[in-house]
Amino acid sequence: ITRLFTPEDFGLFSVLSAFNGIFGLVMAARYEFAIPVSSNDEQAAAVVVLAGLITVFLTTLSLLLVWTMGSTIAELTGLPALAPLLWLVPPILLATGLGHPLEYWSIRRGTLRLNGVSRVVQFGGQAASQVAFGVAGTGALGLIMGYGLAYIGRLTVFLVTLPASDRAMFAATRPSQIWDLAWALRRYPTYSAASSLLKSTTQFLPTILFAMFYGPAVAGMYGVAERILNVPVRFISNSASQVFLAEAAQRPAAEVMRLFVRTVPRFLALGLVGMAPVLLAGPTLFALIFGEPWRVAGGFAQALVALQLARFIAVPVSQAFNVFGRQDLDFSSSLLNGLALFVSFYLISWLSLRPSEAVLIFSLTTALSQLAMLVLAWRTTRIAAANASQAKADHRDDEQ
């Protein structure tokens, strides 16, 4: 698709997909995190319904926002051509948001393979449809439509494979039960949603800022570089995060700590091996694979290795915050991410850096915040394991 679309096309696509990247993650207010750890299936089903209702409500708000402020948003980003494309954002947000609770319901049911299939359908469908639209010469519109169809395909997989018994359980949910759960689980929208919003903003807002600072072509180069390096995070790290949550939710704290200790070095080694070619020969590889116009994107990819490696390692074990009910620390780590984003672009603006220098500053600063999150997750796990061990020792003494 890099040979079918221009860097400017990718700039428009990257900015618009950044909106979904930022807001799509919190369309269900992160109530989906409560689904695998709910006390029973009836409660978990009610959380699925609650998350779906919130998604519909927030999608309606996004429609109103595009209607009233679409042209203003396009002007602020410095991309007037973005205005008519913004109407595609609400349906994409809807498909993204509805997929989250069904994905975590699948985790609870133990059908993790279904989640893998949904990812293959999503990314495979996106690639195929974007190629088809590229051959048809649709420009940025084709990139965006292919992106949206991918999320619709992922949602369709979950809906088609949903057993009739599960559908009946969702339908039996009472409104009073939904309201009670919304209040009882308020830590998820209060901390986890705010935390996720900060994290996704740190990840996707740079694309919009690069468009504002340097124009759509640079934003497109950055978007392609970030997209390529983010593949292992999306396919491996995010999937491992779901497995870590499912495993840790069923284990005592001491075993969770051992799982943490095994996970981090393995992902460090895997990340180093996988990202070494880009670090050593990024510009050459990008020019060879994607075409000579994308050599600059290869340089951006080299600069982003530090950030993506840190994210690759930290994402799976960050579920420790949810396992041990420390969403407040998850939120604190996200504040660090937001601070890193602010500091990096303040320096970029103040020093009037070239695009390649700007990407490097952003990568290094944000990588430090990811490592800080890793340390907080480790401390959370270690303290929980120590407390559980002490409680077990106290119980033994009481019995004696």
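All values reported here derive from a predicted model rather than from experimental measurement.

Concerning the packing of helix α9 (residues 216-229) against helix α12 (residues 295-317)
Here is step 1: Where α9 meets α12, the closest approach of the two axes is 8 Å, and the angle between their N-to-C directions is 45 degrees. The angle between the axes of α9 and α12 places the two elements in the oblique class. At the point where α9 passes α12, the crossing takes the right-handed sense. Contacts from V218, M221, Y222, A225, E226 and L229 in α9 reach V296, A297, F300, A301, L304, V305, Q308 and R311 in α12.

Quick notes on the packing of aromatic side chains
Here is step 1: A complete count under the given rule lists 19 aromatic pairs for this structure.
Here is step 2: When the ring of F5 is compared with that of F10, the centres are 6.3 Å apart and the planes differ by 90 degrees; the resulting orientation is edge-to-face. F10 matches F5 in its accessibility class, with the two residues each being buried.
Here is step 3: Their ring planes at 45 degrees and their centres at 4.8 Å tell us that F210 and Y222 sit as a pair that is tilted. Of this pair, F210 sits in helix α8 (residues 187-214) while Y222 sits in helix α9, and the two are 12 residues apart along the sequence.
Here is step 4: Using a relative accessible area of 0% as the deciding quantity, one classes Y222 as buried.
Here is step 5: What links up through ring pairs into an aromatic cluster is the set F5, F10, F13, Y147, Y151 and W294.
Here is step 6: In this structure, R186 is placed above the aromatic ring of W183, and the distance from its NZ or CZ to the ring centre is 4.0 Å.

Notes on the layout of surface pockets
Here is step 1: Roughly 420 Å³ of volume is contained in the largest pocket.
Here is step 2: What lines the largest pocket is a set of 18 residues, and nearest its centre among them are F19, F23, S62, L65 and L93.
Here is step 3: Listed by contribution, the elements that provide at least two residues to the lining of the largest pocket are α1 (7-23), α2 (41-77), α3 (89-109) and α8.
Here is step 4: The dominant element in the lining of the largest pocket, judged by the number of residues it contributes, is α2, at seven residues.
Here is step 5: Residue composition of the lining of the largest pocket, grouped by class: 17 nonpolar, one polar and no charged.

How each quantity is defined
Residues numbered from 1 in each chain as written. Predicted model: local features only at pLDDT ≥ 70, side-chain atom pairs only at ≥ 80, totals over all residues. Heavy atoms only, no water. Axes fitted to C-alpha atoms, helices over the stretch in contact; angles between N-to-C directions. Helix = DSSP H or I, 4+ residues; strand = E, 2+ residues; numbered from the N terminus. Parallel < 35°, antiparallel > 145°, perpendicular 65-115°, else oblique. Left-handed = near helix turned anticlockwise from the far one by under 90°. Contact = heavy atoms within 4.5 Å. Phe/Tyr/Trp six-rings, centres within 6.5 Å; stacked < 30°, edge-to-face > 60°. Buried < 20%, exposed > 50% of the residue type's maximum accessible area, 1.4 Å probe, protein only. Lys NZ or Arg CZ within 6 Å of the ring centre and 35° of its normal. 1 Å grid on protein atoms, 1.4 Å probe; cavity = no way out; pocket = protein on both sides within 12 Å on 5 of 7 lines; lining within 4 Å. Points joined across faces, edges and corners; volume = space filled by probe spheres on them. Nonpolar A, V, L, I, M, F, W, Y, C, P; charged D, E, K, R; others polar.

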